[in-house]
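# Fold and geometry: a report
The primary structure of each chain is shown beneath.
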Amino acid sequence: MIKHIVLFKMKDRSPERIEEAANVLRNLQGKIDVLVSLDVGIDVLRSDRSFDISLTAEFASLDDLQAYQVHPLHQEVIKYMNEVREQSIAVDYEF
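Since this is a predicted model, take the numbers as computed values, not measurements.

So, about the layout of surface pockets. Of the volumes computed, that of the largest pocket is approximately 230 Å³. Considering the residues around the largest pocket, the lining is formed by 15 residues, among which His4, Val6, Phe8, His74 and Ile78 are closest to the centre. Where the lining of the largest pocket is concerned, the elements lending two or more residues are β1 (2-10), α2 (62-70), α3 (72-84) and β4 (85-94). For the lining of the largest pocket, the leading source of residues is α3, giving five residues. Within the lining of the largest pocket, the residues separate by chemical class into nine nonpolar, five polar and one charged.

See the structure below:
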């Protein structure tokens, strides 16, 4: 199994814009067959060092993660997130 974690810091850190972006990410649930699970959370501390949104996705294999990366729906989400995020970081690991 592969766990894919991405943290996003938004350009507009208002609660409304953060919720909107989180919903765009959540909208992937159930639409990409290789996506075993998806969890999207919004930071509650809102400190200067906090990232605003976390995405945690699970895949059965590295090949499935790679298929997800190029899936057209995921590519649309990437395009959107590139416009609204200030920064993102990611980690992918086997478990």
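Now that the structure has been shown, we can carry on.
Okay, the sheet that holds β4 next. The antiparallel open sheet is built from four strands, whose spatial order is β2-β3-β1-β4. Here the strands that pair on one side only, and so sit at the sheet edges, are β2 (37-42) and β4. Across the sheet, the mean angle separating the axes of adjacent strands is 15° when strand polarity is ignored. Bridge analysis of β1 against β4 gives nine bridges, and the strand direction is antiparallel. Within β4, the residue paired with lysine 3 across the bridge is tyrosine 93. Strands β1 and β4 of the sheet are contacted by α3, whose axis makes an angle of about 135° with β4.

Over its 12 residues, helix α1 (residues 15-26) runs 16 Å from end to end, which matches the ideal 16 Å to within 8%, given 1.5 Å per residue. Along α1, the residues that are buried comprise Ile18, Ala21, Ala22 and Leu25. For α1, the angular spread of buried residues about the axis comes to 100°, placing them on one side. Packing partners of the buried residues in α1 comprise β1, β2, β3 (53-59) and α3.

Take the UniProt feature "domain: Stress-response A/B barrel" (unreviewed entry) in the chain next. Mapped onto the present numbering, the UniProt feature "domain: Stress-response A/B barrel" (unreviewed entry) falls at residues 2-93. Across residues 2-93, the secondary structure splits into 37% helix and 34% strand, with the terminal C-alpha atoms separated by 6 Å.

Conventions used here
Residues numbered from 1 in each chain as written. Predicted model: local features only at pLDDT ≥ 70, side-chain atom pairs only at ≥ 80, totals over all residues. Heavy atoms only, no water. 1 Å grid on protein atoms, 1.4 Å probe; cavity = no way out; pocket = protein on both sides within 12 Å on 5 of 7 lines; lining within 4 Å. Points joined across faces, edges and corners; volume = space filled by probe spheres on them. Helix = DSSP H or I, 4+ residues; strand = E, 2+ residues; numbered from the N terminus. Nonpolar A, V, L, I, M, F, W, Y, C, P; charged D, E, K, R; others polar. Pairing = 2+ DSSP bridges. Axes fitted to C-alpha atoms, helices over the stretch in contact; angles between N-to-C directions. Contact = heavy atoms within 4.5 Å. Expected span 1.5 Å × (residues − 1). Buried < 20%, exposed > 50% of the residue type's maximum accessible area, 1.4 Å probe, protein only. Arc of directions from axis to C-beta. UniProt positions renumbered as here; feature names shortened; annotations may be inferred.

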